[in-house]
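Chain by chain, the residues:
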Protein chains: 4
Amino acid sequence: MNTTAKLLLHCPDQPGILAEVTNFITINRGNIIYLDQYVDHVENIFFMRIEWEIKDFFIPKDKIEDYFETLYAQKYGMKFRLYFSDVKPKMAIFVSKLSHCLFDMLARYTAGEWNVEIPLIISNHPDLQHVAERFGIPFYLFPITKENKMEQEKAEMELLAKHNINFIVLARYMQVISEQMIEAYPNRIINIHHSFLPAFIGAKPYHAAFERGVKIIGATSHYVTTELDAGPIIEQDVVRITHKDTVQELVSKGKDLEKIVLSRAVRKHIERKVLAYKNKTVIFS
Amino acid sequence: MNTTAKLLLHCPDQPGILAEVTNFITINRGNIIYLDQYVDHVENIFFMRIEWEIKDFFIPKDKIEDYFETLYAQKYGMKFRLYFSDVKPKMAIFVSKLSHCLFDMLARYTAGEWNVEIPLIISNHPDLQHVAERFGIPFYLFPITKENKMEQEKAEMELLAKHNINFIVLARYMQVISEQMIEAYPNRIINIHHSFLPAFIGAKPYHAAFERGVKIIGATSHYVTTELDAGPIIEQDVVRITHKDTVQELVSKGKDLEKIVLSRAVRKHIERKVLAYKNKTVIFS
Amino acid sequence: MNTTAKLLLHCPDQPGILAEVTNFITINRGNIIYLDQYVDHVENIFFMRIEWEIKDFFIPKDKIEDYFETLYAQKYGMKFRLYFSDVKPKMAIFVSKLSHCLFDMLARYTAGEWNVEIPLIISNHPDLQHVAERFGIPFYLFPITKENKMEQEKAEMELLAKHNINFIVLARYMQVISEQMIEAYPNRIINIHHSFLPAFIGAKPYHAAFERGVKIIGATSHYVTTELDAGPIIEQDVVRITHKDTVQELVSKGKDLEKIVLSRAVRKHIERKVLAYKNKTVIFS
Amino acid sequence: MNTTAKLLLHCPDQPGILAEVTNFITINRGNIIYLDQYVDHVENIFFMRIEWEIKDFFIPKDKIEDYFETLYAQKYGMKFRLYFSDVKPKMAIFVSKLSHCLFDMLARYTAGEWNVEIPLIISNHPDLQHVAERFGIPFYLFPITKENKMEQEKAEMELLAKHNINFIVLARYMQVISEQMIEAYPNRIINIHHSFLPAFIGAKPYHAAFERGVKIIGATSHYVTTELDAGPIIEQDVVRITHKDTVQELVSKGKDLEKIVLSRAVRKHIERKVLAYKNKTVIFS
């Protein structure tokens, strides 16, 4: 497979942007293999994801960003990010005690489904060390107490930095992440919440769903922001329940949802198909 | 089709209830054609719905309730309701300006899908009079203002009483029902809320869903209680949306959900398959 | 709302098409409000739907088609269709005895949901005349026998031609359309089949689904081709069933699916968002 | 948790069965904790699943089957099976090259989700040996050729017998099982087929789905019978696709379906909630 460049951008909408950008790539001999664009007519913002083969591209790989900045980004007030398909993002997984999301991601990783590297797993409990070991991935234990939380997080961040981690996945990690870490990884910490947000924010959502008597439960994967369970939503899904389902049955059905929803969100992130804007996401097809 | 009796009951669970009740029907030559039961092991409550043909039943139709009360209800502390399939419940529809739920229900009614009578439609706006006329159903206009609300509701309740209305369906009726009416029809006012409750309670849920950036929207049909949008849920369903969907598109997709969810809930109610208990429902299959 | 032009096209894929077409519209002062494109990399075909406001467009409305043909269609081997938002397509509905799809479409039509005209309803049975009358739409009865089929269809086609009908919706019309009519309306006859095609082709699909013991049933809306139930699929949806559901219950649950699936497909067609290619459809977002 | 007995039965329907069976358990001091019953009014068959705590049951555990046979089964022409919750069924997994279903089941097994033992994994290819090793489960390789198939299957069956295997799960095992093995495990071989059966029977269903242009794909778990992909269906589910999805994308989305659908079916089987009758299943709630 040929190496591709992936460009995600957004800017105030105005006539001609799409034509100019595609023209720029085409006249420089880039073969466009993917294009998806969208205009938010409420906010008047133009969003675009474009991917092209760079084998014959006139502009050298390491200068594309610079050229694009000069030629278009400044002109249109664009924010953009450029990725190359031959650079694997590095992902850290945070877990606590529940294994279903972790197993699901490591199975995909081992089977080669995801173009990603997972250099390490971090946990505040030792329970899932055996899972990490089964898959041969280093496991780091950082027990958290009220007293040591800030300190432990700093140690975690040093470890993440040392391994050049690009983004973090909270796979049912049962700790609120503090602001210092959230700000270090803006829209780069993916969480799975075990409810159909914004219903049942916070702890014990299955108990709350059971109490309310809903007929459908859900799971939500979102980027972590400083407001609890309120970050940009990447993916959601639901499953039907009945009055016969106990809380334990909700937990069991919910686990299947959680792992699938989280893995879909992570895949979209890995493939650079998520663009967060304000508190929402554009998910490119 | 033979006339059937439908018995819905609940009581504290204890051994032998199911055996006794089915035995009671069988030895009195009732042919059981439906049985569904469920035990809530948290609350320790036994719920049951049983239906049998009464053609050869030893106990006369008009004495079944009395016999059952004496023989079982008192013994087990049961609450029960008894219905006969040859008695059509009478249903009133309340509407305001949106026609989709009203059309959907009247189409089913006209096609003979529902074993119900709809003697009248009530509205606080004249907009949908033409729909009522197309289907030949009397339409009563009760404009509501802050000042006349209690008075108009009383007039509505007189009208409902005069027509022996058993239950009310709020088909996107854009008025909060006051306590006096809710208490007159406990668990007999069915509402459709245009969100996946408990998310987006109150007004303009599609706008709220759009703002929050959810990936799925829903609709919820529930019995009306004095707490807004918090009554026992009968039915819910959802549909997937994307960042491309505008508020208008959410409204449009939501309408299809609303009418199907409401009609499913109404059908369950007509078939006597809903048993509300505390703030939840048991939906018999 | 300003009048828009809607252009749907496909052609062999090659670099620059997207840039050229968007450029063509932009430099001629068309304000692009919608663009969706897709490349089928298996067949190497480029598909595009673009919509722009024509108020300030340099090229007169009645010459756009001609200019586009000369400038681009010939150059790229394009097939394209051009529509204007101020021209309502004319739709005929064919029915037999079941009313649910008919009611659903007429309710939408009456509520102004669809930008379409429905000048007439055709049926081979008198049963649904009352529905047409409720909505004030002319109803034409063409009883069909083996002997008179070709003749009656010819009479129908004359009637359709007289009313400048653009496309036909078979709303549970229980007659196979013959080749002469299909060829007169290529990809312009929309059918609803009451199964999840290609499962259960032909008659009595709910009975077949019941016999097979499936756990989910579906409905499929597709363009009619000369091969039975094998035309390009526009929309499908499904609903979960259980072993408790009788054939009658499948029919009942299926009706709700059928009407929603058919109406979604018709809406997509009305909005010019369906492009049939070979035996498949591109559904623009 | 107290040990329970689980009784599944079916017989020609007649009045009094339910009352008699529940009475039998109650008067012998069995505490009924689950009951689900269903009457197929087409075939006139009564189906029932009942579960009770046997701690204080008058009849000794090892005589229940005998007593029930004498007292009820002969009288009513019942077929029944009796299980105890403290006996774990033994399950063998057959795989070939695809790991997703295997990983999913072993993750659940390792997490203690299933009340089952998995003494061994059998494969016709060495590819997934590493997965078995990660989870510490013996892996047996039986390469299959046209010539050695019957012989290898016999060796497999000896191995299964030696380990007292109760049922087999084909986790994307890419070999047709021959009659000798199917007859040795009637309704005890669970397969996952990667389509929404009966659509796309046989090989390469995702390619066939792509060719047909369906808008939804599915997966089906069923018991294996001698007719290919035609056995009793236990569970199905679907996911929406679009024209943009390539065959590879269908495969990817399908994998998530397959593993969830298969694991749901296996769980139902383990919990003794599936009763196959003729070519259909009754799935108890």
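Not measured: the values here are computed from a predicted model. (Residues numbered from 1 in each chain as written. Chains lettered and ligands numbered in written order. Predicted model: local features only at pLDDT ≥ 70, side-chain atom pairs only at ≥ 80, totals over all residues. Heavy atoms only, no water.)

Per the UniProt record, "active site" (unreviewed entry) is found at Asp229 of chain A. You can see aspartate 229 of chain A is positioned in the loop between strand S10 (216-223) and strand S11 (233-240). With a relative accessible area of 7%, aspartate 229 of chain A lands in the buried category. Beyond its immediate stretch of four places on either side in the chain, aspartate 229 of chain A contacts Asn191, His193, Leu197, Ile201, Gly202 and His222 of chain A together with Arg212 of chain B. Polar contacts involving the side chain of aspartate 229 of chain A include one to the side chain of histidine 193 of chain A, which spans 3.5 Å. (UniProt positions renumbered as here; feature names shortened; annotations may be inferred. Helix = DSSP H or I, 4+ residues; strand = E, 2+ residues; numbered from the N terminus. Buried < 20%, exposed > 50% of the residue type's maximum accessible area, 1.4 Å probe, protein only. Contact = heavy atoms within 4.5 Å. Polar contact = N/O pair within 3.5 Å; in protein donor to acceptor, adjacent residues only side chain to side chain.)

Before going further, it helps to spend a moment on the sheet that holds strand S4 (residues 79-84) of chain B. Pairing between sheet strands relies on hydrogen bonds along the backbone, with the strands arranged either parallel or antiparallel. All names here are of chain B. Across the sheet, four strands lie side by side as S2-S3-S1-S4; this open sheet has antiparallel pairing. Every interior strand has two partners, whereas the edge strands, strand S2 (31-40) and S4, have only one. Strand-to-strand twist in this sheet, taken as the mean axis angle between neighbours without regard to direction, amounts to 10°. Helix-sheet contacts for helix H1 (residues 17-27) involve strand S1 (4-12), S2 and strand S3 (45-53), and the interaxial angle to S3 is about 15°. (Pairing = 2+ DSSP bridges. Axes fitted to C-alpha atoms, helices over the stretch in contact; angles between N-to-C directions.)

Residues and elements named next belong to chain C. In this structure, histidine 222 sits in strand S10 (residues 216-223). On the basis of relative accessibility, which here comes to 3%, the residue histidine 222 falls in the buried class. Discounting residues that sit within four places of it in the chain, histidine 222 has contacts with Ile189, Ile190, Asn191, His193, Leu197, Asp229, Gly231, Pro232, Ile233 and Ile234.

Laying chain D over chain C is done by rotating through 180° and shifting 0.0 Å along the axis; what remains is an RMSD of 0.0 Å. One copy is carried onto the other by what is essentially a two-fold rotation axis. Nearest to the rotation axis, the C-alpha of alanine 199 of chain D is located 2.3 Å from it, this being the minimum over chain D. Most of the interface of chain D is mirrored in chain C, where 100% of its interface residues are also at the interface. (Least-squares fit on C-alpha atoms with pLDDT ≥ 70 in both.)

Looking now at the pairing of strand S2 (residues 31-40) of chain C. The element S2 of chain C is extensively covered by neighbouring structure, given that seven of its 10 residues are classed as buried. The hairpin formed by S2 of chain C and strand S3 (residues 45-53) of chain C contains four residues between the paired strands, and asparagine 44 of chain C there has a positive phi angle of roughly 60°.

What follows concerns unusual backbone geometry. The peptide bond linking leucine 197 of chain A to proline 198 of chain A adopts the cis configuration, its omega dihedral lying at 5°. Locating proline 198 of chain A in the fold gives a position in the loop between strand S9 (189-193) and helix H7 (205-212). A positive phi angle is found at asparagine 164 of chain A, which is not glycine, with a value near 55°. When you line up the elements, asparagine 164 of chain A lands in the loop between helix H5 (149-162) and strand S8 (167-170). On the basis of relative accessible area, asparagine 164 of chain A is assigned to the exposed category, the value being 51%. Of note, arginine 172 of chain C is a non-glycine position whose phi angle comes to about 60°, a positive value. Within the secondary structure, arginine 172 of chain C is located in the loop between strand S8 (167-170) and helix H6 (179-184). On the basis of relative accessible area, arginine 172 of chain C is assigned to the buried category, the value being 7%.

Taken as a whole, this structure holds 48 aromatic pairs over all chains when the rule is applied. Ring geometry for phenylalanine 24 of chain A and phenylalanine 68 of chain A: centres 5.9 Å apart, planes at 55°, overall tilted. Of this pair, phenylalanine 24 of chain A sits in helix H1 (residues 17-27) while phenylalanine 68 of chain A sits in helix H2 (residues 64-76), and the two are 44 residues apart along the sequence. In this structure phenylalanine 24 of chain A comes out as buried when scored by relative accessible area, which is 3%. Seen from their ring centres, phenylalanine 24 of chain B and phenylalanine 57 of chain B are 6.2 Å apart, and the 90° between their planes marks the pair as edge-to-face. Note that phenylalanine 24 of chain B is positioned in helix H1 and phenylalanine 57 of chain B in the loop between S3 and helix H2 (64-76), a separation of 33 residues in sequence. Grouping aromatic residues by their ring pairs yields a cluster made of Phe24, Trp52, Phe57, Phe68, Tyr72 and Phe80 of chain A. Directly above the aromatic system of phenylalanine 210 of chain A lies the positively charged group of lysine 280 of chain B, at a separation of 3.4 Å from the ring centroid. (Phe/Tyr/Trp six-rings, centres within 6.5 Å; stacked < 30°, edge-to-face > 60°. Lys NZ or Arg CZ within 6 Å of the ring centre and 35° of its normal.)

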